[in-house]
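Letter by letter, the chains look like this.
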Amino acid sequence: MIQKILEQCQNGPHGVGFNEVVLMLYNSVATAEVYMNMDDIRFTDDGNTVTFMAENGTHLHMKLGLVKELRFQYTERNERGEPSYSVWFLDANQESVLRIYLRKSEAEATNQPRHQLFMELLETYGESLQLTS
């Protein structure tokens with residue numbers, strides 16, 4: 001299921017996916033952010049791991065079997081007065097292990113299709129999606 005959702009996020013039904021994002025590794029002690037385009041996502045043959053590839057070899061791996069919930073977070077106005085879109089991946093303890101935040105695109109024409117894609121995902125899956133192993 002996660003692979004299907006990530007592929008929808010990458011490609012989008014209208015040919016425009018999430019594109020410009022921030023991947024945030026997050027725990028109670030530290031965070032790390034990777035700015036990237038979601039154009040290179042790789043899954044292992046067994047589908048157990050996804051690798052998010054950024055420029056210059058920077059990459060993140062996530063073990064999909066340990067993700068127990070996805071949350072689609074939408075805020076109409078964040079602290080800067082702009083909409084905020086994110087997908088949170090949570091473990092069995094309801095801790096956020098990875099977050100994908102959509103950045104405002106420099107290509108203004110892609111912002112509306114990205115908004116539509118996120119809203120379609122939210123409508124399809126709801127705010128929270130429980131996953132089974």
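Calculation rules
Residues numbered from 1 in each chain as written. Predicted model: local features only at pLDDT ≥ 70, side-chain atom pairs only at ≥ 80, totals over all residues. Heavy atoms only, no water. Pairing = 2+ DSSP bridges. Helix = DSSP H or I, 4+ residues; strand = E, 2+ residues; numbered from the N terminus. Axes fitted to C-alpha atoms, helices over the stretch in contact; angles between N-to-C directions. Buried < 20%, exposed > 50% of the residue type's maximum accessible area, 1.4 Å probe, protein only. Contact = heavy atoms within 4.5 Å. Arc of directions from axis to C-beta. Core = buried A, V, L, I, M, F, W, Y, C linked by side-chain atoms within 4.5 Å.

Quick look at the sheet that holds strand β2 (residues 31–37)
Then, number 1: In spatial order, the strands read β2-β1-β8-β7-β6-β9; together these 6 strands make up an open sheet with antiparallel pairing. With partners counted over all chains shown, the strands left at the sheet margins are β2 and β9 (128–130), one partner each. The average angle at which neighbouring strand axes cross in this sheet is 15°, direction not considered.
Then, number 2: Inspection of the sheet shows strand β6 (residues 69–75) paired to strand β7 (residues 84–90) by 7 bridges, in the antiparallel sense. Among the inter-strand pairings, F72 is bridged to a residue of β7, identified as V87.

Notes on the environment of M1
Then, number 1: By the secondary structure assignment, M1 is in the segment before α1 (2–11).
Then, number 2: M1 gets classed as exposed once you look at its relative accessible area, which sits at 53%.
Then, number 3: Taking the C-alpha atoms as reference points, M1 and L131, separated by 130 residues in sequence, lie 7.9 Å from one another.
Then, number 4: In this view, M1 contacts Y125, L129 and L131; residues no more than four positions away in its chain are not counted.

Topic: the sheet that holds strand β3 (residues 41–43)
Then, number 1: Strands sit in the order β3-β4-β5 across an open sheet of 3 strands; the sheet is antiparallel. The sheet is open, and its two borders are formed by β3 and β5 (59–63), each paired with just one other strand. Going from strand to strand, the sheet's axes swing by 20° on average, the running direction of each strand aside.
Then, number 2: Both β3 and strand β4 (residues 49–53) contribute to a ladder of 3 bridges, which runs antiparallel. Counted as the bridge partner of F43 is V50 from β4.
Then, number 3: Contacts between α1 and the sheet are confined to β3 and β4, with β3 contributing the most and set at about 160° to the helix.

Here we look at α1
Then, number 1: Of all the positions in α1, only I2, I5, L6, C9 and Q10 are classed as buried. Down the axis of α1, the buried set is contained in an arc of 140°. They therefore lie on one face.
Then, number 2: Where α1 ends, the next residue or the one after it, G12, has phi of about 65°, a positive value.

Here's the deal with the nonpolar core
In a soluble, globular protein the nonpolar side chains are often hidden away together inside.
Then, number 1: Grouped together as the largest cluster of nonpolar side chains are 34 residues, with contacts concentrated most on L6, F18, L23, F52, F89 and I100.
Then, number 2: Apart from the residues lying within four places of it in its own chain, the contact partners of F89 are I2, L6, M62, V67, E69, L70, E95, S96, V97, L98 and I100.

Details of the environment of L129
Then, number 1: Tracing the backbone through its elements, the reader meets L129 in strand β9.
Then, number 2: Placed 50 residues apart in sequence, L129 and E79 show a C-alpha to C-alpha distance of 26 Å.
Then, number 3: When neighbours within four sequence positions are excluded, L129 is seen to be in contact with M1, I5, K68, E69 and L70.

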